[in-house]
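Chain and residue survey
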Amino acid sequence: MNAIELNMDGLVGPTHNYAGLGLGNLASMANKNLNSNPKLAALEGLKKMKLCHDLGLKQAVIPPAFRPDISAARALGHQGSDEAILNELKESDQKLLCAISSASSMWTANAASISPSADCRDGKVNITIANLQKNIHRCIEAPFNEALFKLIFHDASFFRLHNPLVVNSDEGGANHMRLCSDYGQRGIEIFVYGSEEINAIYAARQNKKASAAIVQQHMILNESGMLVQQSSEAINKGVFHNDVIAVSNKSLLLIHEKAWRSQATVLAELRERFKHLTNTDLLIIEVAEDEISIETAVQSYVFNSQIISIGNRTQILAPSKCKEFPEVVSFLDRQDFDAVHFIDLEQSMRNGGGPACLRLRIELNERELSAMHQGIILTDALYPKLVDWVNKHYRDCLCLDDLSDPHLLTESQLALDELTTILSLKGLYPFQ
Ligand code: SUG
């Protein structure tokens, strides 16, 4: 049976802002307090989805979580009307106000870890919703993602949904890579975790026990699951997720030489296992520090590109930011890609979210694809509807002081209510 890779991109929400909340995320910390442009952010994201669709990929749209999340403030003891709570937070807890207002659900690479049915003993697509415990603004995404994924992957004969892990931090697909000879074939799933080191500048986002629990509960076949440790040097230099320093697609792995601990040994084992499982060779492009430094990798986000395969053409979607770094441009020129597309995602990039952060991948065979909710699949007809919807509802300038404006809340509610009609997801939001 034919299988494809579906990319599910997060639509940027109406409260997109720069609050400097990303732990160990240099762009987020540096751009704190900038004015944001939610309209442009959403349109940039949609344009990327349309490009992928036009290139021949299957593309889906993930609606944003409703923000500000007043229910999260209530759960922390705040009382009164929505307006009263917004006012109180503005006066006494600006940090919580920012956290409940973040549009961070746009980075769907962090929404869940997904193992295709070919790798799982139960023959189903196994999905674990990420708990995102390390940051408050991200951890409150989990209940929304749970509700959303239940609607999208409702058919239990094909999909097995796991609740967010109760303990140990898990940040989903951003720390998970899958290598295979072709979609639908059994592959190798790499789960990358970080370790709490003494003298660490930044805490690791992904916990080893969380990664191990996912391998267990997805019932990943022996040899198909692999746990790999991130290098602490990379974390300390701003590599808060593995997808900031490595990217893969099918049998191609593009990775910085300083991404993982004991990398030479891990890559040798990976090569061997891959050959054994698939009877084909793994292609590894390992980028040396003197070719592209970790610092340049983090600033340019070149490893946060998307590598896409259509037929036997391999193309790369790289952030436009890469063009500012001659060594990155010449690196991309030297590779064997059939095309390099530079994508403008400046609004998301300022928060440390590149092309790969904005998408969660899921490999599906034909039956699985037709069993999922179809309303979110991007089509030529859906795209202009979404563009009109953004233009109608989104502001083009937002500063942190605006987050307590009760009109922003009502505008967002109205917008998302309408969005659920467009995507046939009525009842998704708690206010509906
Ligand atoms: O978790 N930024 C996100 C960016 C996530 C990127 N995802 C991947 N690498 N897959 C984060 O650090 C910034 C929010 C702010 O500062 O307002 C933020 O949460």
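For the structure, check the block above.
What this report covers is the structure whose coordinates are included nearby. (Residues numbered from 1 in each chain as written. Predicted model: local features only at pLDDT ≥ 70, side-chain atom pairs only at ≥ 80, totals over all residues. Heavy atoms only, no water.)

So, about the overall build of the chain. Within the chain, the secondary structure is distributed over 16 helices and 15 strands. In terms of overall dimensions, the chain has a C-alpha envelope of 60 × 45 × 40 Å along the principal axes. Looking at the chain as a whole, 59% of its 432 residues are labelled buried. Within the chain, residue pairs in contact and separated by at least 24 positions form 76% of the contacts whose partners lie at least 6 positions apart. The average position of the 40 basic charges and that of the 52 acidic charges among the side chains of the chain differ by 3 Å. (Helix = DSSP H or I, 4+ residues; strand = E, 2+ residues; numbered from the N terminus. Buried < 20%, exposed > 50% of the residue type's maximum accessible area, 1.4 Å probe, protein only. Contact = heavy atoms within 4.5 Å. Lys, Arg positive; Asp, Glu negative; His and termini not counted. Charge placed at Lys NZ, Arg CZ, Asp CG, Glu CD.)

Inspection of the region around the ligand gives 20 residues, with Leu21, Ser28, His137, Arg205 and Asp243 positioned closest. Within the backbone of glycine 20, a nitrogen or oxygen atom sits 3.0 Å from an oxygen atom of the ligand. Histidine 137 has a polar side-chain atom sitting 2.6 Å from an oxygen atom of the ligand. Coverage of the ligand by the protein chains reaches 100% of its 490 Å² of free accessible surface. Looking at the shell around the ligand, its residues break down into 7 nonpolar, 10 polar and 3 charged. (Near = heavy atom within 4 Å. Polar contact = N/O pair within 3.5 Å; in protein donor to acceptor, adjacent residues only side chain to side chain. Areas by Shrake-Rupley, 256 points an atom, 1.4 Å probe, with all protein chains shown as cover. Nonpolar A, V, L, I, M, F, W, Y, C, P; charged D, E, K, R; others polar.)

A separate point is the packing of aromatic side chains. The geometry of an aromatic ring pair is captured by the separation of the ring centres together with the interplanar angle, meaning the angle of the planes. According to the stated counting rule, one finds 7 aromatic pairs in the structure shown. Ring geometry for phenylalanine 144 against tyrosine 429: centres 5.7 Å apart, planes inclined by 10°, an arrangement best described as stacked. Residue phenylalanine 144 is located in helix H7 (residues 142–152), and its partner tyrosine 429 is located in the segment after helix H16 (406–422); the two are separated by 285 residues in the primary sequence. By relative accessible area, which is 10% here, phenylalanine 144 ends up buried. On the accessibility criterion, tyrosine 429 (2% relative accessible area) is buried. (Phe/Tyr/Trp six-rings, centres within 6.5 Å; stacked < 30°, edge-to-face > 60°.)

On to the packing of helix H2 (residues 38–55) against helix H15 (residues 382–393). Two elements in contact, H2 and H15, have axes whose closest approach is 10 Å; the angle formed by their N-to-C orientations is 175°. The orientation of H2 with respect to H15, classified from their angle, is roughly antiparallel. Contacts from Lys39, Ala42, Leu43, Leu46, Lys47 and Lys50 in H2 reach Tyr383, Leu386, Val387, Val390 and Asn391 in H15. Here the contact of H2 with H15 is built from residues that sort into 7 nonpolar, 1 polar and 3 charged. (Axes fitted to C-alpha atoms, helices over the stretch in contact; angles between N-to-C directions. Parallel < 35°, antiparallel > 145°, perpendicular 65-115°, else oblique.)

For the rest of this paragraph, the subject is the sheet that holds strand S12 (residues 306–310). Ordered by their spatial adjacency, 3 strands build an open sheet running S12-S13-S14, and the pairing between neighbours is mixed. Looking at the sheet topology across the chains shown, the edges are occupied by S12 and strand S14 (339–343). Averaged over all adjacent pairs, the angle separating strand axes in this sheet is 25°, with direction ignored. The sheet contact formed by strand S13 (residues 313–319) and S14 spans 5 bridges and is parallel. If you follow alanine 318 over to S14, its bridge partner there is phenylalanine 342. (Pairing = 2+ DSSP bridges.)

Our focus in this paragraph is the nonpolar core. One broad trend across soluble globular proteins is that nonpolar side chains are buried collectively. By size, the foremost hydrophobic cluster in this structure holds 105 residues, and its most contacted members are Trp260 and Met372. In terms of residue count, H15 provides more of this core than any other element does, 6 residues in total. If we skip the residues at most four places from it in the chain, methionine 372 touches Leu6, Ile152, Phe153, His154, Phe159, Leu364 and Ile377. Core analysis: the second largest hydrophobic core is formed by 18 residues, Val247, Ala297, Ala318 and Phe325 among them. (Core = buried A, V, L, I, M, F, W, Y, C linked by side-chain atoms within 4.5 Å.)

A few words on the side chain of histidine 16. As for its placement among the helices and strands, histidine 16 is situated in the loop between strand S1 (3–10) and helix H1 (26–30). Looking at histidine 16, the relative accessible area reads 0%, which means it is buried. For histidine 16, the contacting residues outside a window of four places in its chain are Ser36, Asn37, Pro38, Ala41, Ala103, Met106, Gln347, Asn351 and Leu398.

With that out of the way, let us pick up the pattern of salt bridges. Across all of its chains, the model carries 24 salt bridges by this definition. Here glutamate 269 ties to arginine 273 by a salt bridge, and the two come within 2.9 Å at their closest N and O atoms. One end of the pair is glutamate 269 and the other is arginine 273, both in helix H10 (residues 263–278) and 4 residues apart, which spans about a single turn. With relative accessibility at 17%, the residue arginine 273 sits in the buried group. The shortest N-O distance in the salt bridge between glutamate 346 and arginine 350 comes to 3.9 Å. (Salt bridge = Lys/Arg side-chain N within 4 Å of Asp/Glu carboxyl O.)

The next subject is the sheet that holds strand S4 (residues 125–129). Taken in spatial order, the 3 strands of this open sheet run S3-S4-S5, and their pairing is mixed. With one partner strand each, in any of the chains shown, strand S3 (112–115) and strand S5 (159–162) form the two edges of the open sheet. The average angle at which neighbouring strand axes cross in this sheet is 15°, direction not considered. Sheet analysis places S3 next to S4, joined by 4 bridges and oriented antiparallel. Residue pairing for S4: isoleucine 114 is matched across the bridge by isoleucine 127. Strands in contact with H7 are S3, S4 and S5; relative to S4, the strand with the most contacts, it is inclined by about 155°. In the packing of helix H8 (residues 208–217) onto the sheet, the strands contacted are S3, S4 and S5, and the crossing angle to S4 comes to about 150°.

Turning our attention to the side chain of histidine 176. Tracing the sequence through the fold places histidine 176 in strand S6 (residues 176–179). Side chain to side chain, histidine 176 and glutamate 189 meet in a polar contact 2.8 Å long.

What follows concerns the environment of asparagine 25. Assignment of secondary structure puts asparagine 25 in the loop between S1 and H1. C-alpha separation for the pair asparagine 25 and serine 105, spaced 80 residues apart in sequence, amounts to 16 Å. Those residues in contact with asparagine 25 that lie beyond four places of it in its chain are Arg205, Phe240, Asn351 and Gly352.

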